[in-house]
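One-letter residues, chain by chain:
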Amino acid sequence: MKAILQNIQKSFHALPVPDNVKINEIYPCIALAFLTLETDTLSVDHEGFDHILQINYCHRGRIGWKMGNGNSLYLGPGDFSLHSMDTCAASSITLPDRSYEGLVICIDLKQLTQTPPEILAGTRITGEFLLNKFCRDGAFTSLAGNEEAERIFSAFYASSEPFQLSWQKVKVLELLLYLGRLEINSRNQLTEYQSEQIETIREIHDLLITHMEQRFTIETLSKQYLMNPTTLKSMFKSVYGTSIAAHIKKHRMEKAAKLLRETDLSIAEIAAQVGYDSQSKFTSAFKETFGQLPKSCRRQTFLLQTIP
């Protein structure tokens, strides 16, 4: 198990703060790591252990993998994935929101078969069973979150000392029993996309964020980037978690709030800088987002600056 733990640590060697990876040995064949990442991209560099199953669960933010086979996929809050560690040995990770919280569970499939936790003895949940169900022929199984899976995964974050390890032991077994009876179908699997398409979506995102003063229609973007409008909208939501309109509105409002706090620009000028030709429409959108008018936001900022 020591070699497995070392390999997990090595796989995240590029993290900005290596200490933010906390690894716990749950059973001799199972390790758990909590991740908190604050970056754009990082590379995955570890040995290709084909007998180590890696389970990833997204707790907050979004995370995407660019795999060696040329495909990319993304997990959002509640989603989870399973693959053997040789599948991601030559991949890169993207964080669309520049932040991510999640957990990784690594299982030595050979050791699970040979010496399983007592409660699993005599069940069909062996290393060979998990490998064939989720990782056959190098498959990367990614699944949309659901109520039962969320209840299990989120419980890992609810445990605390002095019962933390015991609680995690119970939840890992519950997770394995859940995976044993989980049916995989087209309705609960996440979509993989060609990495070239994902790069195009990221270019579109950068264009929209860089030029928030402009309004781009789906039709215009579709023609400019030679992508079907339906595909464009679907892929954008897969990568960034929301529709194009909702995502860009969030960035517009954040920029507007920053300009209100840090500049003397008029509200009309700020509205224009974030893509609103009508001050009243901007004011309405701002109040909908923050629960207050732009004038109130600026007034509060002024009061905070003048309080001794």
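In what follows, the structure referred to is the one given above.
Residues numbered from 1 in each chain as written. Predicted model: local features only at pLDDT ≥ 70, side-chain atom pairs only at ≥ 80, totals over all residues. Heavy atoms only, no water.

Quick notes on the environment of P116
Then, in step 1: Structurally, the position occupied by P116 is in the loop between α2 (109-114) and α3 (127-134).
Then, in step 2: The class for P116 is partly exposed, based on a relative accessible area of 28%. (Helix = DSSP H or I, 4+ residues; strand = E, 2+ residues; numbered from the N terminus. Buried < 20%, exposed > 50% of the residue type's maximum accessible area, 1.4 Å probe, protein only.)

Considering the packing of helix α6 (residues 195-210) against helix α8 (residues 229-240)
Then, in step 1: Closest axis-to-axis distance for the α6/α8 pair is 10 Å, and the angle between their directions is 85 degrees. As judged from the angle between their axes, α6 and α8 are roughly perpendicular. Along its contact with α6, which presents Q197, I198, I201, R202, I204 and H205, the element α8 presents T231, L232, M235, F236, V239 and Y240.
Then, in step 2: Counted by class, the contact of α6 with α8 contains eight nonpolar, three polar and one charged residues. (Axes fitted to C-alpha atoms, helices over the stretch in contact; angles between N-to-C directions. Parallel < 35°, antiparallel > 145°, perpendicular 65-115°, else oblique. Contact = heavy atoms within 4.5 Å. Nonpolar A, V, L, I, M, F, W, Y, C, P; charged D, E, K, R; others polar.)

Here's the deal with unusual backbone geometry
Then, in step 1: Look at R98: it is not a glycine, yet its phi comes out positive at around 65 degrees.
Then, in step 2: In this structure, R98 sits in the loop between β8 (90-94) and β9 (100-108).
Then, in step 3: Take R98: its relative accessible area is 44%, and that puts it in the partly exposed class.
Then, in step 4: One non-glycine residue, L226, adopts positive backbone phi at about 55 degrees.
Then, in step 5: Locating L226 in the fold gives a position in the loop between α7 (218-224) and α8.

With respect to the packing of aromatic side chains
Both the distance between ring centres and the angle between the ring planes are used here to describe each pair of aromatic rings.
Then, in step 1: One pass over the full model with this rule turns up eight aromatic pairs.
Then, in step 2: Pairing F80 with F153 gives two aromatic rings, centres 5.3 Å apart and planes at 45 degrees, and the pair type is tilted. Highlighted residues: F80 in strand β7 (residues 80-84) and F153 in helix α4 (residues 147-154), separated in sequence by 73 residues. Each member of the pair, F80 as well as F153, carries the same accessibility label: buried.
Then, in step 3: Ring geometry for F236 against Y240: centres 4.9 Å apart, planes inclined by 35 degrees, an arrangement best described as tilted. (Phe/Tyr/Trp six-rings, centres within 6.5 Å; stacked < 30°, edge-to-face > 60°.)

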